[in-house]
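Fold and geometry: a report
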Amino acid sequence: VYVRWRVPASPAAAGGGDEAPPLPLVLFVLSKRTISNAAAVLEMLSAAFGGRAVVQAVRWEEHSFRSQLELLRRAAVMLCGVGTAQMNAFLLPPGAVVLALGWRCERAAGRITYFDSQLLSALDHVRVLYYPSYSE
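Residues numbered from 1 in each chain as written. Predicted model: local features only at pLDDT ≥ 70, side-chain atom pairs only at ≥ 80, totals over all residues. Heavy atoms only, no water.

Considering helix 1 (residues 38-49)
Along its 12 residues, helix 1 runs 17 Å from first to last C-alpha, staying within 8% of the 16 Å computed at 1.5 Å per residue. Taken together, the buried positions of helix 1 are Ala 38, Val 41, Leu 42, Leu 45 and Phe 49. Buried residues in helix 1, looked at end-on, bunch into an arc of 100°, giving them a common side. Away from its buried face, by an angle of more than 90 degrees, helix 1 presents the exposed residues Ala 39, Glu 43 and Ala 47. One or two residues past the end of helix 1 sits Gly 50, with phi positive at roughly 50°. (Helix = DSSP H or I, 4+ residues; strand = E, 2+ residues; numbered from the N terminus. Expected span 1.5 Å × (residues − 1). Buried < 20%, exposed > 50% of the residue type's maximum accessible area, 1.4 Å probe, protein only. Arc of directions from axis to C-beta.)

Right, dumping it as structure tokens:
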């Protein structure tokens, strides 16, 4: 079952009531294969969501497995590079989106594949989008 995710415009639009629902979490996974302008992308994402979502940079190696599970359970969007940063995408909730940022050099395009690409293509509860970043 595919569940569409969208950012509610206001607490009232999300179901009313006095208590606002928790904001969606956008995770930007930093690793050795992260794009070179990660700080600028984080700023752009924060501005684009305008307070309607929490944008958080994360390095998996700095979190316990329990902490990783808690973050992934709350995540609506996960941005990451190729490789092991994507391996726990299967733990995302139904309807989440993974934006997989491609290789950073043109000579690697189309020649290198990782197990994570096979894993992500097998997920039916998470939408996976690949965005190549073939700049030097």
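That was the structure; now back to the text.
Examining the sheet that holds strand 2 (residues 54-58)
Here five strands make up an open sheet; going across it, the order is 2-1-3-4-5 and the pairing parallel. The strands lining the two open edges of the sheet, one partner per strand, are strand 2 and strand 5 (127-131). Mean inter-strand twist for the sheet, computed between neighbouring axes without regard to direction, equals 20°. Along the sheet, helix 2 (residues 65-74) contacts strand 1 (25-29), strand 2 and strand 3 (75-81); its crossing angle with strand 3, the most-contacted strand, is approximately 115°. (Pairing = 2+ DSSP bridges. Axes fitted to C-alpha atoms, helices over the stretch in contact; angles between N-to-C directions. Contact = heavy atoms within 4.5 Å.)

Quick word on helix 2
The α-helix winds at 3.6 residues per turn, so residues separated by three or four positions along the chain end up facing the same way. When helix 2 is considered as a whole, its buried residues turn out to be Ser 67, Gln 68, Leu 71 and Leu 72. Axial view of helix 2: buried residues confined to an arc of 130°, hence all on one face. Within helix 2, the exposed residues directed more than 90 degrees away from the buried face are Arg 66 and Arg 73. Next to the buried residues of helix 2 lie strand 1, strand 2 and strand 3.

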